[in-house]
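# Close look at the chain arrangement
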2 protein chains.
Amino acid sequence: MEEDINHNLDKAVTWVNKAAKEGAQVICLPELFRSMYFCQKEKIEYFDLAETISGPSTKTLGKIAKENKVVVIAPIFEKRAPGIYHNTAVIINTDGEIAGLYRKMHIPDDPSYFEKYYFTPGDLGYKTFSTEFGKIGTLICWDQWYPEGARLTALKGAEIIFYPTAIGWHPSEKKREGKPQFDSWMTVQRGHAIANGVYVAAVNRIGLEKENENSAGIEFWGSSFICDPQGVIIAQASQNKEELIMAEIDPSRIEYIRRNWPFLRDRRIDSYNGITERFLEEND
Amino acid sequence: MEEDINHNLDKAVTWVNKAAKEGAQVICLPELFRSMYFCQKEKIEYFDLAETISGPSTKTLGKIAKENKVVVIAPIFEKRAPGIYHNTAVIINTDGEIAGLYRKMHIPDDPSYFEKYYFTPGDLGYKTFSTEFGKIGTLICWDQWYPEGARLTALKGAEIIFYPTAIGWHPSEKKREGKPQFDSWMTVQRGHAIANGVYVAAVNRIGLEKENENSAGIEFWGSSFICDPQGVIIAQASQNKEELIMAEIDPSRIEYIRRNWPFLRDRRIDSYNGITERFLEEND
């Protein structure tokens, strides 16, 4: 992304149009697509980047969605009320109207990802959205590390879970830690696809973004991918090129996989109570 | 495994001794190590393979554990009471005594894996065991597809989760389905390691086992592996050779990984209630 938020919106419009022209039906933009990844620093002025829903992004994309008769997932910095801001995915339907919101539930906070400063944790829970093209679930970035989020979204009937994302390497760590970090990101999300028998689409940004000249920045690792309900990668982007990836989602494949390996049938729902605890100390 | 259950026990003793000699401290045998994988058919006589705890397997292995001062995880067909049989992992401590049991919670049932016929679902929940060498969690085979089991075991403080296993290919499917099936098995378990910041060790059997001359059998895919808390494979066996794999578990690596990517800190325990439901239909 670039510093000019209008440029980023224009670019989003261009890519959504392009995707629609190539036959895409459900189109997902990366997390916080309107701006650079401002969470690299805690800076009060950055709250000015937030916008209401509806607002400039959803109005513009609503028009484009309607023109092309596509569903658009627009991840934005939501201004809900003074002092309440969220990291939110807006689902825009083929009629250009807002079908609903998902507000990021799990908020990270670690060096250069100071999200707890900006984003109030989501209060809408896990969501699916019925669209003309199927039932869509959305989660956002840090959520991707939580099997609970994927499970609850799948139990609500999602056929595909979208993860708009902004994840990358600290340049100083890339050489030593880069490969296992990247692999674990792919693996855990493919794991969600497998455990739940759903398609998964992760949508990441690319490029080195620096908060200022002196900061090391984050090198976003791109590599957006779509995998099938068995975790098989069916489309994947490069690490450093802005591009469109597309794949066909086959609902009958979900049923085929779930019949062959019927994990959902055998869940021990009588035994999962502890999941709502922080930790389960034992005195032994 | 072979048909002679005493031969299988002798072999287990040989391998445990060998592992101890090479420096292993916690040694895990494959699922139902005493017998061939009898669940390929529903046959009432196969219940005769079940044994009590304590019983022949735990007594013999208790002696070996004590002699070598090692912990042994012995997965057996447990006879608990007439009509109540479990698929159970017995944790034997360095003093040769039984530290506790884990009874397989998730029971599969699909062609050639007719486990629901034999095994009463576990009633002990998810377990960890404090040993001289660290806190060990155990789950068994089909459990490996359930993020809930791994999560609850990790929340109980497990530093490593062992998955004794008996999984393989239907020979007729191997060519077409073999690779994605195998990959998804590796991926989902590595995903548990990553999501929970724990080591994972999967212990599978090898070889083609046929219930009788006319049956196609199952080709167990071996490939036992140990991965670190970031999902990095640190030891892996072949697909078809009987062998010992061993790795060092570093508790400080668990803390390092969990500090750098603090997933457990940010769990939204206020939002996971639906996990105890079978499915979450929505009227939309």
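Residues numbered from 1 in each chain as written. Chains lettered and ligands numbered in written order. Predicted model: local features only at pLDDT ≥ 70, side-chain atom pairs only at ≥ 80, totals over all residues. Heavy atoms only, no water.

Moving on to the sheet that holds strand β4 (residues 98-103) of chain B. All names here are of chain B. Taken together, the 4 strands give an open sheet; going across it, the order is β1-β2-β3-β4, and neighbouring strands pair in mixed fashion. Each end of this open sheet is capped by a strand with a single partner; those strands are β1 (26-28) and β4. The mean angle between the axes of side-by-side strands here comes to 35°, regardless of whether they run parallel or antiparallel. As paired strands, strand β2 (residues 71-81) and strand β3 (residues 84-92) are joined by 9 bridges and run antiparallel to one another. Considered in β3, the bridge of Phe77 is made with Asn87. (Pairing = 2+ DSSP bridges. Helix = DSSP H or I, 4+ residues; strand = E, 2+ residues; numbered from the N terminus. Axes fitted to C-alpha atoms, helices over the stretch in contact; angles between N-to-C directions.)

Between its terminal C-alpha atoms helix α2 (residues 56-68) of chain A stretches 19 Å, which fits the 18 Å expected from 13 residues at 1.5 Å a residue. Inspection of α2 of chain A places Ser57, Thr58, Leu61, Gly62, Ile64 and Ala65 of chain A among the buried residues, and these make up the whole buried set. (Expected span 1.5 Å × (residues − 1). Buried < 20%, exposed > 50% of the residue type's maximum accessible area, 1.4 Å probe, protein only.)

Here we take up the relation of the copies chain A and chain B. Note on the identical chains: chain A maps onto chain B by a rotation of 180° and an axial translation of 0.0 Å, with an RMSD of 0.0 Å. Expressed as a symmetry operation, the mapping of one chain copy onto the other fits a two-fold axis. Mapped onto chain B, 100% of the interface residues of chain A again fall at the interface, so both copies present the same surface. (Least-squares fit on C-alpha atoms with pLDDT ≥ 70 in both. Contact = heavy atoms within 4.5 Å.)

This part is about the interface of chain A and chain B. Contact residues are listed per partner, giving 60 residues for chain A and 60 residues for chain B. Between chain A and chain B, the buried area comes to about 5,900 Å², and carbon and sulfur atoms account for 56% of it. Across the contact surface, chain A and chain B share 6 salt bridges. Asp266 of chain A is the partner of Lys116 of chain B in a salt bridge, and the nearest nitrogen-oxygen pair spans 2.7 Å. (Buried area = accessible area lost by both parts, 1.4 Å probe. Salt bridge = Lys/Arg side-chain N within 4 Å of Asp/Glu carboxyl O.)

Now for the packing of helix α1 (residues 5-21) of chain A against α2 of chain A. Residues and elements named next belong to chain A. Contact geometry for α1 and α2: axes closest at 10 Å, N-to-C directions at 20°. Classified by the angle their axes make, α1 and α2 are roughly parallel. The two elements α1 and α2 cross, and the hand of that crossing is right-handed. Packed against α1, whose contacting residues are Leu9, Val13, Val16, Asn17 and Ala20, the element α2 presents Pro56, Ser57, Thr60, Leu61, Ile64 and Asn68 at the interface. (Parallel < 35°, antiparallel > 145°, perpendicular 65-115°, else oblique. Left-handed = near helix turned anticlockwise from the far one by under 90°.)

Time to look at the confidence of the model for chain A. Scored by pLDDT, chain A comes out at a mean of 97, with 99% of its residues at no less than 70. This prediction of the complex comes with two scores: 0.98 for pTM and 0.97 for ipTM. (pLDDT = per-residue confidence, 0-100.)

Take the pattern of salt bridges next. For the coordinates displayed, the defined rule picks out 42 salt bridges over all chains. Lys104 of chain B is paired through a salt bridge with Glu115 of chain B; the nearest N and O atoms lie 2.7 Å apart. Of this pair, Lys104 of chain B sits in the loop between β4 and α3 (115-118) while Glu115 of chain B sits in helix α3, and the two are 11 residues apart along the sequence. For the pair Lys104 of chain B and Glu115 of chain B, one class covers both residues: buried. Ionic contacts of the salt-bridge type, sharing partners, join the residues Glu78, Arg80, Arg103 and Asp123 of chain A into one network.

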